[in-house]
Amino acid sequence: MDDVMNSNKTAARLFGIFFLVGYLAYIIGNVLANSPEGLSHVYANKTQVIFGAILMSTVETFFNMGLVVIILPLLKKYNKPAAYGYLSAAIMTTLLMVIGAIFLLLLVPLSDEFIKAGSGDTRYLQTLSALCTKGNFFSYQTAMAIWGLGGLLFCYLLYISKLVPRFLSVWGFIGYIIFISGAILALFGFSVDLIMDIPGGLFEVTLAIYLIAKGFNPSAFAFAFASANERLKPNN
């Protein structure tokens, strides 16, 4: 029983830590990589842009996929299709976010060409810069819509498993519906995504802190652990 409780605490804390670190890495990276306006500013802040893109494409990717890998063995004991759907959504989200970061990195060589051009015609470079910025925007919003769909599956699994209090699962479900709506509206030009991200974002932070502090529901975790051991027993 001690082994079960230790496994519970370890898995829950790792999941919570990965969630928070991945969340912060993307926010900080996005702020750093997107803050310069115009190619001349990108040129003057190349280190900042590159560092931000690395946070978004490498650090965030590692922790974003890591948290899914940590919890997948537990979630699939309750519903395999939903658990693998959550994994698929995480993979697609991560790929799109990496693509978005690459769009931002392309601004660096464009800024070099912009400075080299001097007083020459740079309209085509500015057009390419605008396309890269939009490419990052569309990649991000599409990724968030897919992440929200995965979040709905995740909250469904939390609800049926009772691994965390059900009010958290319901909060997350509602938050992700609003989250998805904000991402889709942003794709159509309505700048409401930041406001509509708040319920889902607060849920993710709250869930991560809760799991670090409390862990999964011991009885639900023990049930999943016992079910796994039962399946491993040799048939008489």
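Up top is the structure.
Bear in mind the structure is a predicted one, so any value in this text is a computation, not a measurement. As a convention, each chain's residues are numbered from 1 in the sequence order in which they are written. Restriction of local features to residues with pLDDT of at least 70 applies here, the model being predicted, together with a cutoff of 80 or more for giving and counting side-chain atom pairs; totals for whole chains, interfaces and linings are based on all residues. To get the side-chain values, take all heavy atoms of the structure and skip hydrogens and water.

(A) Here's a closer look at the overall build of the protein chain. A run of H or I in DSSP becomes a helix once it reaches four residues, and a run of E becomes a strand once it reaches two; helices and strands are each numbered from the N terminus. Each helix and strand counted, the protein chain has 10 helices and 0 strands in total. Ordering the α and β elements of the protein chain from the N terminus gives α-α-α-α-α-α-α-α-α-α. Here the term buried applies to any residue with accessible area under 20% of the maximum for its type, exposed to any over 50%, and partly exposed to those in between, with areas from a 1.4 Å probe on protein chains only. Looking at the protein chain residue by residue over its 236 residues, the buried ones come to 44%. Throughout, a contact is declared for two residues whenever any of their heavy atoms are within 4.5 Å. Long-range contacts, defined as pairs at least 24 residues apart, comprise 78% of the intrachain contacts of the protein chain with a sequence gap of at least 6.

(B) Up close: the packing of helix α6 (residues 123-161) against helix α7 (residues 166-187). The interhelical angle for the contact between α6 and α7, taken along N-to-C directions, is 160°, at an axis separation of 8 Å. In terms of axis orientation, α6 runs roughly antiparallel to α7. Handedness of the α6/α7 crossing: left-handed. The classification used treats Ala, Val, Leu, Ile, Met, Phe, Trp, Tyr, Cys and Pro as nonpolar, Asp, Glu, Lys and Arg as charged, and all other residues, Gly among them, as polar. Split into classes, the residues belonging to the contact of α6 with α7 amount to 20 nonpolar, 6 polar and 1 charged. Helix axes are fitted only over the stretch in contact, all axes being lines through C-alpha atoms; the angle between N-to-C directions runs from 0 to 180 degrees. Throughout, the term roughly parallel applies to angles under 35 degrees, roughly antiparallel to angles over 145, roughly perpendicular to angles from 65 to 115, and oblique to all others. Crossing chirality is assigned from the near helix's rotation relative to the far helix, an anticlockwise turn below a right angle marking it left-handed and a clockwise turn marking it right-handed.

(C) Main features of the environment of L157. Relative to the elements of secondary structure, L157 occurs in helix α6. Take L157: its relative accessible area is 0%, and that puts it in the buried class. Sequence separation between L157 and L75 is 82 residues; the distance between their C-alpha atoms is 6.5 Å. Apart from residues lying up to four places away in sequence, L157 is in contact with L75, N79, A82 and A83.

(D) Broad picture of the nonpolar core. In this description, a nonpolar core means a group of buried Ala, Val, Leu, Ile, Met, Phe, Trp, Tyr and Cys residues linked to one another through side-chain atoms lying within 4.5 Å. Ranked by internal contacts, the top residues of the largest apolar core, which has 58 residues, are F15, Y86, L207 and F216. Residue assignment for this core shows that the elements contributing at least two residues are α1 (2-34), α2 (39-44), α3 (46-75), α4 (80-105), α5 (107-117), α6, α7 and α9 (198-214). By residue number, the principal contributor to this core is α6, which donates 13 residues. In contact with F15, not counting residues within four places along its chain, are L67, I70, I71, Y86, F154, L207 and L211.

(E) Local environment of the packing of aromatic side chains. A pair of Phe, Tyr and Trp rings is counted when the ring centres sit within 6.5 Å of each other, with Trp represented by its six-membered ring. The angle between the planes then sorts it: under 30 degrees is stacked, over 60 is edge-to-face, the rest tilted. What the rule picks out here adds up to 12 aromatic pairs. Between F15 and F19 the ring centres are 5.3 Å apart and the planes differ by 85°, which places this aromatic pair in the edge-to-face class. Of the two residues, F15 and F19 are both situated in helix α1; the distance of 4 residues between them amounts to about one turn of the helix. The exposure classification of F15 matches that of F19, with both residues buried. Pairwise contacts between aromatic rings join F15, F19, Y86, W147 and F154 into one cluster. Placement of a positive charge over a ring is assigned whenever Lys NZ or Arg CZ falls within 6 Å of the ring centre and within 35 degrees of the normal to the ring plane. Above the ring of F137, the side-chain terminus of K134 is found at 5.4 Å from the ring centroid. It is R166 that lies over the ring of Y159; its NZ or CZ is 4.0 Å from the centre.

(F) Structural view of α3. Taking 1.5 Å per residue, 30 residues should reach 44 Å; α3 reaches 42 Å between its end C-alpha atoms and fits that length. One axis fitted to the seven residues ending at a residue, another fitted to the seven starting there: the angle between these axes is the bend at that residue. A bend of about 40° at E60 is the largest found in α3. The span you would expect from a helix comes to 1.5 Å times its residue count less one.

(G) Structural context of the environment of T47. Tracing the chain through its elements places T47 in helix α3. The spacing of T47 and L32 is 15 residues in sequence and 9.5 Å in space, taken between C-alpha atoms.

(H) Fine view of a nonpolar patch on the surface. Candidates for patches are residues over 30% relative accessible area with no salt bridge; among them, like charges are joined within 9 Å and nonpolar side chains (Val, Leu, Ile, Met, Phe, Trp, Tyr) within 5 Å. Surface accessibility in these figures is a Shrake-Rupley result with a 1.4 Å probe; residues are shielded only by whichever protein chains are displayed. Every case where a carboxyl oxygen of Asp or Glu lies within 4 Å of a side-chain nitrogen of Lys or Arg is listed as a salt bridge. A cluster of nonpolar side chains, Y156, Y159, I160, V170 and I174, forms an exposed patch at the surface whose accessible area comes to about 410 Å². Elements that contribute at least two residues to the nonpolar patch include exactly α6 and α7. The biggest single contributor to the nonpolar patch is α6, with 3 residues. Position of Y156 among the secondary structure elements: in helix α6.

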